[in-house]
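Residue-level structure breakdown
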Amino acid sequence: MNTTIYGTAVSMAADATAMMPNDAATALTSSGPDERIKTLNFYSYTFIMPIICLFGLVGNSLNLVVLWRSKSLQTVSYIYIRWMAVADLFVMTLMIPFVLIKTPIVHMPATVHMARYQAHIQLLVINGFISISNILVVALALDRWLAICHATKTQSMRTHSSARKVVVFIYIGAFVLHIPYIFYRQVQPQMEMESNETTYRAGFNQEASIYTHARTRSSTKGSEYIAHAEKALLTANTTTNLVLRF
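Residues numbered from 1 in each chain as written. Predicted model: local features only at pLDDT ≥ 70, side-chain atom pairs only at ≥ 80, totals over all residues. Heavy atoms only, no water.

Let's talk about the pattern of salt bridges
Formally: A side-chain nitrogen of Lys or Arg and a carboxyl oxygen of Asp or Glu constitute a salt bridge if their distance falls within 4 Å. Starting at the N terminus, helices and strands are each numbered in turn, a helix being any DSSP run of H or I of at least four residues and a strand any DSSP run of E of at least two. The classification of residues rests on relative accessible area computed with a 1.4 Å probe and restricted to protein chains. Under 20% of the type maximum is buried, over 50% is exposed, and intermediate values are partly exposed.
All told, the structure shown has 3 salt bridges when counted by the stated rule. Of the charged contacts, one joins E35 and K38 as a salt bridge, the two residues approaching to 4.0 Å between their closest N and O atoms. Taken together, the residues span about one helical turn, with E35 and K38 both in helix α3 (residues 33-69) at a distance of 3 residues. What makes K38 exposed here is its relative accessible area of 54%. Each of D143, R144 and R158 takes part in one network of salt bridges that share partners.

Re helix α5 (residues 112-149)
Under the convention used in this document: Helices are assigned an expected span. That span is 1.5 Å times one less than the residue count. Note on bend: at a given residue it equals the angle between the axes fitted to the 7 residues ending there and to the 7 starting there.
Here α5 is 38 residues long and its end C-alpha atoms lie 54 Å apart, about the 56 Å a rise of 1.5 Å per residue gives. Its axis deflected by about 50° at I121, α5 carries its strongest bend there.

Some words on the packing of aromatic side chains
Here is the rule we go by: Think of it this way: a Phe, Tyr or Trp ring, Trp meaning its six-membered ring, pairs with another when their centres are within 6.5 Å, and the plane angle makes it stacked under 30 degrees, edge-to-face over 60, tilted otherwise. Whether a charge sits over a ring depends on NZ of Lys or CZ of Arg being within 6 Å of the ring centre and within 35 degrees of the ring normal.
Tallied over the full model, the rule gives 10 aromatic pairs. Taken together, a centroid distance of 6.4 Å and an interplanar angle of 80° make the contact between F129 and Y171 edge-to-face. Of the two residues, F129 is situated in helix α5 and Y171 in helix α6 (residues 160-177); the sequence distance between them amounts to 42 residues. Neither F129 nor Y171 differs from the other in exposure class; each is buried. Each residue in the set W68, W83, F90, F129, Y171 and F175 is aromatic and connected to the rest through ring pairs, giving one cluster. The cationic tip of R82 hangs over the ring face of W68; the distance from NZ or CZ to the ring centre is 5.2 Å.

Observations concerning the nonpolar core
Defined as follows: The set of buried Ala, Val, Leu, Ile, Met, Phe, Trp, Tyr and Cys residues whose side-chain atoms join them within 4.5 Å is what this entry labels a nonpolar core. Contacts are residue-level and defined by heavy atoms, with any inter-residue pair within 4.5 Å sufficient.
Y80, F129, I132, L136 and Y171 are the most contacted members of the largest nonpolar core, which has 30 residues in total. Elements supplying a minimum of two residues to this core: α3, α4 (76-102), α5 and α6. The leading source of residues in this core is α4, at 13 residues. Every residue in contact with I132, bar those within four places of it in the chain, is listed here: A87, I170, Y171, A174 and F175.

Quick word on the packing of α4 against α5
If you want to describe how two helices pack, look at the angle between their axes and the distance between the axes. Basically, it comes down to this: Angles shown run from 0 to 180 degrees and are taken between the N-to-C directions of axes, each axis being a line fitted to C-alpha atoms and, for helices, limited to the stretch in contact. Each angle gets one of four labels, with under 35 degrees taken as roughly parallel, over 145 as roughly antiparallel, 65 to 115 as roughly perpendicular, and the rest as oblique. Crossing handedness: left-handed means the near helix sits turned counterclockwise from the far one by under a right angle, and right-handed means the same turn made clockwise. In the scheme used here, Gly and all other residues not listed as nonpolar or charged are polar, with Ala, Val, Leu, Ile, Met, Phe, Trp, Tyr, Cys and Pro taken as nonpolar and Asp, Glu, Lys and Arg as charged.
As a packed pair, α4 and α5 sit with axes 9 Å apart at the nearest point and diverge in direction by 155°. Comparing their axes, α5 and α4 come out roughly antiparallel. Between α4 and α5 lies a crossing of left-handed hand. Class assignment of the residues belonging to the contact of α4 with α5 gives a composition of 24 nonpolar, 4 polar and 3 charged.

A few points about α6
In plain terms, the rule: By definition, the arc is the one covered by directions from the helix axis to the C-beta atoms.
Between the first and last C-alpha of α6 there are 26 Å, a value that for 18 residues agrees with the 26 Å anticipated at 1.5 Å per step. Among all positions of α6, only A163, V167, I170, Y171 and A174 are buried. For α6, the angular spread of buried residues about the axis comes to 95°, placing them on one side. Away from its buried face by more than 90 degrees, α6 exposes K165, F169 and I172. Tucked into the core, α6 has its buried residues touching α4 and α5.

A short note on the side chain of T154
Condition: As used in this structure description, the phrase polar contact means that two N or O atoms lie within 3.5 Å; if the pair is within protein, one of them must be able to donate a hydrogen and the other to accept it, and residues adjacent in sequence are counted only when both atoms belong to side chains.
Mapped onto the elements, T154 comes out in the loop between α5 and α6. A polar atom in the side chain of T154 sits 2.6 Å from the backbone oxygen of H150.

What to know about the confidence of the model for the protein chain
In plain terms, the rule: Confidence of the predictor at the level of single residues is given by pLDDT, which spans 0 to 100.
Averaged over all residues, the pLDDT of the protein chain equals 74, while 64% of them reach at least 70. Summarising per-element confidence for the protein chain, the mean pLDDT is lowest in helix α1 (residues 2-19) (41) and highest in α6 (93). Taken as a whole, residues 1-31 scores under 50 in pLDDT and shows 17 contacts with residues more than four places along the chain or in a different chain.

Considerations on the environment of V176
Relative to the helices and strands, V176 resides in helix α6. We classify V176 as partly exposed; its relative accessible area is 47%. Placed 52 residues apart in sequence, V176 and L124 show a C-alpha to C-alpha distance of 9.3 Å.

A short note on the side chain of D143
Relative to the helices and strands, D143 resides in helix α5. A residue is classified by how much of its surface remains accessible, and D143, at 5% relative accessible area, is buried. There is a polar contact of 2.7 Å between the side chain of D143 and the side chain of S77. In contact with D143, other than residues within four places in its own chain, are V76, S77, Y80 and R158.

Structure below.
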């Protein structure tokens, strides 16, 4: 069993290497682990992630246009889908500066304002909107379960007003859970020897205590685990009830 899996993985890696240009394939096969990582990062941040962001921006933009303009898509469930598309659109938009910073082709100025954004805002907003999208999937699954399995009992509860309140609570709660990311990194100035200029970057906050870092990691990881666990459990519960009823 393990031999088969290992052989399949080696075969897939060989196929992926064969599909690359000659210089990239040579770098992956002849260089060490550090050079392989640099090559993979180059292709990931230069080609793969920009394509994903482009498709995400176009797809979610069209999704919002249809959901807001169509009069037949104004039910309670589509409120969750609409604001899920908003969160996904923000994620794709906020990933653009992250990709530009990582790619070696584009030179981003290492100003103090960019470093402050990377240190205190970037992780908060990106992870916040990702969590919002995940939790809204949970809310949508719960709404569908109530609408199908308890339609008569919950008809008065499933209103547009209550759905909007749930969306507001999810948006605020997701960002509150990720507040520790603000203190996770700090702005670090450094002197460029060639140009004799001071540049700034976001680095790990060495001055913070071990307790602060442990609390930051446990809080952010805990919120992610809770969101994924709730989504999996509610989806499984809804699917089981639908199968048993129909």
